[in-house]
Amino acid sequence: MFTSKAFISKTLTPGAESRRDFLAGWGTLAAGALGVALAGASTSRAQSSSSKLMAPRRIIDVHHHIMPPFYIHEHRRDQLKVGPGITQIFEWIPEQAIERMDASGVAASILSISTPGPWFGQKEEGRRLSRQINDYAAKMRETYPGRFGLFAAIPLPDTEGSMKEIEYAFDTLKADGIGLMTSYDSLPVGSREFAPVFDELNRRKAIVFLHRTVASCCMNLRGLPGDKEFIIDDLRALNSLLTGGTLARCPDLRLIHAHGDKTLPWVAHHIGAGGGGEGRGGGRGNPAYAPQGVLHELQKIYVDTAGNSQDTMDDMRELGMMDQIMFGTDNPYGGSDAVRENLNRLMGFQLTQDELDAIGRGTALKLLPKFA
Amino acid sequence: MLSRRQILGGLTALGAGALLRGDLTAQSPPAQTRRVIDVHHHIVPPQFMAAHRDDMVRGGAGQPYVQAWTPQVTLEQMDAQGVATSILSLSTPGTWFGSVQDGRKMSRIVNEYAAQLGRDHTGRFGLFAAIPVPDIDGTLKEIEYAFDVLKADGVGIMTSYDTIPTGDKTFWPVFEELNRRKAVVFMHRTAATCCLGLRQDPANQEFIVDDLRALNGFLVGGTLAKFPDVKLIHSHGDKVMAWVAKLNGAPINGPQRGPNPPWAPDGIQAQLRKVYVDSAGNNKFSMIELRALGMLATRVMFGTDVPWGNVKNNLDALRERMGCSREEIEAVEYKTARQLFPKYNV
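All figures in this text were calculated on a predicted structure; none of them were measured in a lab. (Residues numbered from 1 in each chain as written. Chains lettered and ligands numbered in written order. Predicted model: local features only at pLDDT ≥ 70, side-chain atom pairs only at ≥ 80, totals over all residues. Heavy atoms only, no water.)

(A) A look at the overall build of chain B. Along chain B, the regular secondary structure elements total 14 helices and ten strands. When burial is assessed residue by residue, chain B has 58% of its 346 residues classed as buried. Of the roughly 14,400 Å² of accessible surface on chain B, 54% is carried by carbon and sulfur atoms. (Helix = DSSP H or I, 4+ residues; strand = E, 2+ residues; numbered from the N terminus. Buried < 20%, exposed > 50% of the residue type's maximum accessible area, 1.4 Å probe, protein only. Areas by Shrake-Rupley, 256 points an atom, 1.4 Å probe, with all protein chains shown as cover.)

(B) The arrangement of the layout of surface pockets in detail. Taken as a whole, the second largest pocket encloses approximately 720 Å³ of empty space. Forming the boundary of the second largest pocket are 34 residues, of which R212, H259, K262, A306 and G307 of chain A lie nearest the centre. Mapped onto the lining of the second largest pocket, the elements with two or more residues apiece are α4 (69–82), α9 (229–243), α13 (310–318) and α14 (338–348) of chain A together with α10 (241–247) of chain B. Residue composition of the lining of the second largest pocket, grouped by class: eight nonpolar, 14 polar and twelve charged. (1 Å grid on protein atoms, 1.4 Å probe; cavity = no way out; pocket = protein on both sides within 12 Å on 5 of 7 lines; lining within 4 Å. Points joined across faces, edges and corners; volume = space filled by probe spheres on them. Nonpolar A, V, L, I, M, F, W, Y, C, P; charged D, E, K, R; others polar.)

(C) A look at the packing of α9 of chain A against helix α8 (residues 206–220) of chain B. Relative to each other, α9 of chain A and α8 of chain B sit at 160°, their axes nearing to 11 Å. The angle between α9 of chain A and α8 of chain B falls in the class roughly antiparallel. Handedness of the crossing formed by α9 of chain A with α8 of chain B: right-handed. Contacts from E229, I231, I232, L235 and R236 of chain A of α9 of chain A reach α8 of chain B at E206, I208, V209, L212 and R213 of chain B. When its residues are assigned to classes, the contact of α9 of chain A with α8 of chain B shows six nonpolar, no polar and four charged. (Axes fitted to C-alpha atoms, helices over the stretch in contact; angles between N-to-C directions. Parallel < 35°, antiparallel > 145°, perpendicular 65-115°, else oblique. Left-handed = near helix turned anticlockwise from the far one by under 90°. Contact = heavy atoms within 4.5 Å.)

(D) Structural context of empty space enclosed by the protein. Under the criterion given, the structure shown has seven cavities of 30 Å³ or more. The space that makes up the largest cavity amounts to roughly 90 Å³. Of all the secondary-structure elements, those providing two or more residues to the lining of the largest cavity are β3 (125–130) and β4 (154–158) of chain B. Considered class by class, the residues forming the lining of the largest cavity number eight nonpolar, four polar and no charged. As for the second largest cavity, its lining consists of L247, C250, P251, L253, L255, E297, K300 and I301 of chain A.

(E) Structural view of the sheet that holds strand β7 (residues 184–188) of chain B. Residue and element names in this part refer to chain B. If you trace the eight strands from one edge of the open sheet to the other, you get β1-β2-β3-β4-β7-β8-β9-β10, paired in parallel fashion. Two strands lie at the open edges of the sheet, namely β1 (36–42) and β10 (300–301), each paired on one side alone. Here β1 pairs with strand β2 (residues 83–89) via five bridges, running parallel. Following the sheet pairing, V36 is matched in β2 by V83. Of the strands in this sheet, β4, β7 and β8 (231–234) touch α8, which is tilted by about 160° from β8. (Pairing = 2+ DSSP bridges.)

(F) Representation of α14 of chain A. Those residues of α14 of chain A that fall on the buried side of the exposure criterion are A338, V339, N342, L343, N344, L346 and M347 of chain A. The opening residue of α14 of chain A is D337 of chain A, an N-cap whose side-chain oxygen sits 3.1 Å from the backbone nitrogen of V339 of chain A. (Polar contact = N/O pair within 3.5 Å; in protein donor to acceptor, adjacent residues only side chain to side chain.)

(G) Examining the packing of helix α6 (residues 123–143) of chain A against helix α7 (residues 159–172) of chain A more closely. All names here are of chain A. Relative to each other, α6 and α7 sit at 20°, their axes nearing to 10 Å. By the angle between their axes, α6 is roughly parallel relative to α7. The crossing of α6 and α7 is right-handed. Here R127, S130, R131, N134 and D135 of α6 come into contact with α7, specifically with E160, G161, K164, E165 and Y168. Of the residues assigned to the contact of α6 with α7, the class counts are one nonpolar, three polar and six charged.

(H) Looking closely at the nonpolar core. With 169 residues, the main nonpolar core has I178, L180, L201 and L298 of chain A together with L178 and M241 of chain B as its most contacted residues. Per-element tally for this core: the top contributor is α8 of chain B, with eight residues. When sequence neighbours within four positions are dropped, the list of residues in contact with L298 of chain A reads L238, L242, L264, V267, A268 and M321 of chain A. Judged by nonpolar contacts, the second largest core, of 16 residues, contains I60, I207, M326 and F371 of chain A. (Core = buried A, V, L, I, M, F, W, Y, C linked by side-chain atoms within 4.5 Å.)

(I) Structural view of the packing of aromatic side chains. Tallied over the entire structure, the rule returns 16 aromatic pairs over all chains. Ring plane angle 50° and centroid distance 6.4 Å describe the contact between Y71 of chain A and F120 of chain A, whose orientation is recorded as tilted. Here Y71 of chain A, found in helix α4, pairs with F120 of chain A, found in the loop between β2 (106–112) and α6; they are 49 residues apart in sequence, far enough to count as distant. In this structure Y71 of chain A comes out as buried when scored by relative accessible area, which is 0%. With a centroid separation of 5.0 Å and an interplanar angle of 10°, the aromatic rings of F128 of chain B and F186 of chain B are classed as stacked. Of this pair, F128 of chain B sits in strand β3 while F186 of chain B is found in strand β7, placing the two residues 58 residues apart along the sequence. Accessibility classification places F128 of chain B together with F186 of chain B in one group, the buried group. Aromatic ring contacts, followed pair by pair, group F128, F186, F341 and Y344 of chain B into a single cluster. One Lys or Arg, R131 of chain A, reaches over the ring of Y168 of chain A and ends 3.5 Å from the middle of that ring. The ring of Y145 of chain B is capped by R108 of chain B, whose NZ or CZ atom sits 3.6 Å from the centre of that ring. (Phe/Tyr/Trp six-rings, centres within 6.5 Å; stacked < 30°, edge-to-face > 60°. Lys NZ or Arg CZ within 6 Å of the ring centre and 35° of its normal.)

(J) Highlighting the pairing of β8 of chain B. All names here are of chain B. The pairing of β7 with β8 spans four bridges and is parallel. If you follow F186 over to β8, its bridge partner there is I233. Sheet topology places β8 next to strand β9 (residues 276–278); two bridges connect them, and they run parallel. Within β9, the residue paired with I233 across the bridge is Y276.

(K) Here's a closer look at unusual backbone geometry. The omega torsion of the bond from L156 of chain A to P157 of chain A falls at 15°, within 30 degrees of zero and hence cis. Among the secondary structure elements, P157 of chain A is positioned in the loop between β3 (148–153) and α7. Its identity is not glycine, yet K151 of chain B carries a phi of approximately 55°, on the positive side.

(L) View of the sheet that holds strand β1 (residues 59–65) of chain A. All names here are of chain A. Read across the sheet, eight strands follow the order β1-β2-β3-β4-β7-β8-β9-β10 without closing on themselves; strand pairing throughout is parallel. Every other strand in the sheet has two partners, leaving β1 and β10 (325–326) as the edge strands with one partner each. With three bridges joining them, β2 and β3 adopt parallel strand pairing. Bridge pairing in β3 places S109 opposite F148. Each of β1, β2 and β3 touches helix α5 (residues 94–104); the most contacted strand, β2, lies at about 145° to it. α6 rests against β2 and β3 of the sheet, and its axis sits at about 175° to β3.

(M) Looking closely at the state of the cysteines. Tallied over the entire structure, the rule returns zero disulfides over all chains. Looking at C195 of chain B, it has no disulfide partner, and the nearest cysteine sulfur is the one in C218 of chain A, 3.2 Å off. (Disulfide = S-S within 2.5 Å.)

Here you go:
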């Protein structure tokens, strides 16, 4: 068994040893825990033996995208419009995902479609694409047992089609949650138009994986120097869910705001403070949209680690939200191997062993216990 | 029918109101002790409102109390709270509505109106002149007129024009001229035209969003570094300053990540620290962030956003609820503005 002290000292002194050593540190941690797990769980051994590296795998990646061939074929140009110059995503194949996961000790990744999602202005197409995407991910899950989960695509802003796909996703495919975009046809996801969908998701106590896109009205701003349209749509989405009352009205939702670490602290400080909530600015009582306080609503939200930084980790700690962070990679976005790069960066942060373990596995397991 | 008692009661209430106003006037600081300088104070010239009432309403800036603004509203508030000088500007959406001719005409009308107010009330009003960006030629002409004829204190610009953030190089010819004149540039939020549809949403943050775009564009697009003699006042910028620093890898709670980029040769925070912000409608957390950025004592000036905001509310908030020291409050109320506008140091 590893000693926690040794692991912390390694983690807290980045630069003292090579990155490989940090990974080895995680490997040690994983091996130790796995030793315990193996005593009573044969499934772990089975999964382990299918790994190329035979390395123990413990990490869970909640932010992992699929790029189905039919989706690229039909909408390559739309993807490039939202993410100019990002072409490595078109080389994605399921085997690549598995290879990267194995190489970095990732046990399971929850699959989702990235921006711009399945909606391109036509109901029939939105419904068909959502179904194809979800069936594709389900097939991948079947091919690699235990390695993948699914945040299902739904064709919002078509609420009727979305309700049907939610039913199919949960009741037939046994999806782990639903993937949403931050806006649809320029409407922030918290707009009242989408209330029926959130009410249904709340009824099902669903996990909702919220992913950034660029509002269609702002596509013309992409690529200008200092372009922050993704962050801006993150802000709109979070703010609309908060001040539109969705968060308070749907307390059973488990919302994962991918990349949300960069906007949630700002909203906590400036909307909470300026909007009369219990923000740090000293407010004038709780607003109607958050009867238990703005921070109460925000602190329920989960975020992931894809593309994050020590600064945002510090912000999350200051907000008392270290147990709301889950490992995420944004793979195949975010560089040549986003799984490895995000893991390396995480290893460099100033974190305690408990925090690291919660981020890499523990918090995800609370939401997704079947991956234990 | 109203009874005699009701009429008398009504009169009494009216009388009390008048008395109250009298008391306020009696308590307000006499002229020689007025020292507050309000750098964020809007006018709503009647000719402008008559021509663009619908545009104002559509942009979320046409509230009834805005339509009812008169110079008297402004002067009463200033007198009651000890404001020596307010520097006047136009608020969103500015003077650009897609027509070159109208933009030039409206800018001139607004500027002449403000200049006349200044002549009518000596020392009480300054001017951030309206300019018809994105019409570059018209803008350069109005800059010349505003500074050379009207002796304006600066120019007022919006955070974006026809959806293009104002720091974008499209507008560099204007900044070349403003830099040559070492001009004060008062930047005010608007909603980007592409996003006006979102203004109708109850949770809309399009003003903040455009503030973020504008400041980040000024920084990362290199406009701040390229035009070092422009003195940019980003009104309401207090809410996005620390965020922009952090989004670019220079958090207030730690060292900058990475080397100094070409658009911030002396460091990201150092580049941002050249920008001034105002105190209109800000919150305690903004003040904490501005203090951490080293800006509170030298880069924050008092602002009210009249007629959207109110002089007393903003002054009370600054003095009582922002957690500022006496020195910091004095810097915000008038000292920093006197540095930037020496002519109001009287």
